[in-house]
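# Analysis of the macromolecular model
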Amino acid sequence: MKAAVVHDFAEPLRVEEVPDPTPGDEQVLVRVEACGLCHTDIHAAHGEWPVKPEPPFIPGHEGVGIVEGVGPGNPHGLEVGMRVALPWLGYACGDCRYCNSGRETLCEKQINTGYGMDGGFAELAVGYARHVVRVPDEVDPLDAAPLTCAGVTTYKAVKESGARAADRVAVFGAGGLGHLAIQYARVTGAEVVAVDVNDERLATATELGAARVVNAKAEDPVAAIQAMGGADVAISTAVSPVAFEQAIGALARGGRLICVGLPAENDITVPIFQTVLGGLSLKGSIVGTHHDLEEVFELHRRGETRVLRAERRLEDVNEAIAEVLDGSAPEPRLVFDLQAVGPETTSGDRAGAVA
Ligand code: NAD
Ligand code: ZN
Ligand code: ZN
């Protein structure tokens with residue numbers, strides 16, 4: 001099969017022929033239709049986090065496709081022909097205190113798709129039957145792909161924040177994750193302020209219902225948001241530590257920061273005095289559970305969310321990574337269309353992007 005493989009953190013990915021994977025015990029083989037390019041895949045390919053994957057590996061944890069084979073053991077109700085998503089939580093033990101309390105994303109034995117096991121930047125991928133998630137027929141696979149990480153992660157972050165209708169929610173970073181965070185915050189009824197450094201992403205944020213946008217390059221987001229009365233909730237998906245510090249500064253008294261982005265530079269400064277007197281909370285939020293992703297697909301099926309994406313061919317993986325890094329991608333999320341044929345990269349228009 002064809003796959004995009006990381007051989008070395010310092011080198012571009014290589015799109016090459018590799019042996020087809022075989023599904024093991026309680027696994028399914030999936031023919032990938034689409035896989036989103038999450039910024040996490042870029043951190044993975046560059047080996048930027050404290051815990052690194054081991055090359056060679058195939059990134060991709062927004063894979064969506066059709067079950068083509070079932071390995072030995074319990075397939076957990078999956079059958080050949082069903083459409084499924086292969087999320088970041090590729091495996092969790094099912095037995096530990098986290099798995100047994102609806103917090104399987106904290107399982108210490110977890111294996112992550114596209115990181116600890118091969119992912120969706122390939123024509124075929126294997127997933128553990130218990131952890132792949134059925135995609136409803138009404139959801140376009142090219143939409144389902146970004147929902148599989150960007151969607152479930154920000155849906156969970158909004159849940160964790162406890163945002164309510166009268167709250168003001170500041171979303172820092174309006175890219176792949178952020179454009180969906182804005183929409184889930186709007187679903188709660190909250191007022192949304194979007195902060196980014198890219199005017200195109202901010203124009204999209206307005207289109208998606210943000211009441212106010214702030215370009216952090218042109219304006220101090222702390223002053224701008226405090227002038228509105230402060231944010232009850234801040235969700236930082238930005239790939240920059242300074243945005244996390246600004247998000248803390250933008251909080252109203254009693255405000256909660258949900259940390260989601262995972263920039264390569266790992267440290268921020270938290271002011272103790274303001275945190276204590278202001279009764280502020282800081283919380284990390286990592287992806288979402290199997291059930292959270294089912295809810296994300298259901299919201300999309302109902303037309304509550306829009307996935308703004310542009311399609312790319314897997315052969316163009318390195319160019320796509322460059323587009324995300326320099327901010328020139330035409331839409332918040334790039335999605336590899338594994339079924340695309342022909343030499344041309346598909347256009348960045350939004351045909352079919354509305355749920
Ligand atoms: P992205 O590149 O699509 O979006 C990041 C956005 O942040 C861009 O729009 C960029 O312009 C903006 N940005 C950069 N610097 C900024 C600044 N100083 N202030 C405000 N905005 C700024 O990336 P993505 O795919 O949305 O991923 C975002 C981050 O979230 C990555 O670090 C990724 O690894 C992480 N992530 C975390 C989880 C989780 O479970 N916690 C899940 C998926 C991704
Ligand atoms: Zn566990
Ligand atoms: Zn991701």
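Residues numbered from 1 in each chain as written. Chains lettered and ligands numbered in written order. Predicted model: local features only at pLDDT ≥ 70, side-chain atom pairs only at ≥ 80, totals over all residues. Heavy atoms only, no water.

Right, let's get into the coordination of the zinc ion (ligand 3). Every protein donor of the zinc ion (ligand 3) is accounted for by Cys 38 (SG), His 61 (NE2) and Cys 149 (SG), and the metal-donor separations fall at 2.0 to 2.3 Å. Taken in chain order, the donor set of the zinc ion (ligand 3) reads C-x22-H-x87-C. Placement of Cys 38 in the loop between β3 (27–36) and α1 (39–46) and of Cys 149 in helix α2 (residues 141–161) is noted, with a sequence separation of 111 residues between them. In this structure, Cys 38 and Cys 149 share a single accessibility class: buried. (Donors = N, O, S within 2.8 Å, 3.2 Å for Na, K, Ca; no water. Helix = DSSP H or I, 4+ residues; strand = E, 2+ residues; numbered from the N terminus. Buried < 20%, exposed > 50% of the residue type's maximum accessible area, 1.4 Å probe, protein only.)

Let us now look at the coordination of the zinc ion (ligand 2). All of the protein donors around the zinc ion (ligand 2) are Cys 93 (SG), Cys 96 (SG), Cys 99 (SG) and Cys 107 (SG); their distances to the metal are 2.3 to 2.4 Å. Here the zinc ion (ligand 2) binds 4 donor atoms, and the angle range of 105 to 117° at the metal identifies the geometry as tetrahedral. Look at where the donors of the zinc ion (ligand 2) fall in the sequence and you get C-x2-C-x2-C-x7-C. With Cys 96 in the loop between β6 (89–91) and β7 (111–112) and Cys 107 in the loop between β6 and β7, this pair connects stretches of sequence that are 11 residues apart. The two residues Cys 96 and Cys 107 agree in class, both being buried. (Tetrahedral: all angles 85-135°; square planar, octahedral: opposite > 155°, others 65-115°.)

With that settled, consider the site of ligand 1. The environment of ligand 1 is formed by 31 residues, the closest being His 39, Thr 40, Asp 196, Val 287 and Arg 333. In this structure, Leu 177 approaches ligand 1 through a main-chain N or O atom, which is 2.8 Å from an oxygen atom. Calculation on ligand 1 without its partners gives an accessible area of 860 Å², and the protein chains cover 91% of this total. Secondary structure elements with two or more residues in the shell around ligand 1: α1, α2, α3 (176–187), β11 (191–196) and α6 (241–249). Tallying contributions element by element places α1 first for the shell around ligand 1, with 3 residues. For the shell around ligand 1, the two domains that each supply at least three residues are domain 1 (2–134 + 308–349) and domain 2 (153–284). (Near = heavy atom within 4 Å. Polar contact = N/O pair within 3.5 Å; in protein donor to acceptor, adjacent residues only side chain to side chain. Areas by Shrake-Rupley, 256 points an atom, 1.4 Å probe, with all protein chains shown as cover. Domains from an automatic or database assignment.)

This part is about the side chain of Thr 105. Examined against the element boundaries, Thr 105 turns out to sit in the loop between β6 and β7. When its relative accessible area of 8% is taken as the criterion, Thr 105 is described as buried.

Turning next to the sheet that holds strand β10 (residues 168–172). A sheet is described by the order of its strands in space; here 6 strands give the open sequence β12-β11-β10-β13-β14-β15, paired in parallel fashion. The open sheet has two edge strands, β12 (212–215) and β15 (281–284), and neither has a second partner. Each adjacent strand pair in this sheet contributes to an overall mean axis angle of 20°, direction not counted. Note that strand β13 (residues 231–236) and strand β14 (residues 251–259) share 5 bridges and pair parallel. The partner of Val 233 across the bridge, within β14, is Arg 256. (Pairing = 2+ DSSP bridges. Axes fitted to C-alpha atoms, helices over the stretch in contact; angles between N-to-C directions.)

Okay, the packing of α2 against α3 next. Between α2 and α3, the least distance of the axes is 8 Å, while the angle of their chain directions is 50°. Classified by the angle between their axes, α2 and α3 sit oblique to one another. Every pair of crossing elements has a handedness; the one defined by α2 and α3 is right-handed. Here Pro 146, Leu 147, Ala 150, Gly 151, Thr 153, Thr 154, Tyr 155 and Val 158 of α2 lie close against α3, whose contacting residues are Gly 176, Leu 177, Leu 180, Ala 181, Tyr 184 and Ala 185. Of the residues in the contact of α2 with α3, the class split is 10 nonpolar, 4 polar and no charged. (Parallel < 35°, antiparallel > 145°, perpendicular 65-115°, else oblique. Left-handed = near helix turned anticlockwise from the far one by under 90°. Contact = heavy atoms within 4.5 Å. Nonpolar A, V, L, I, M, F, W, Y, C, P; charged D, E, K, R; others polar.)

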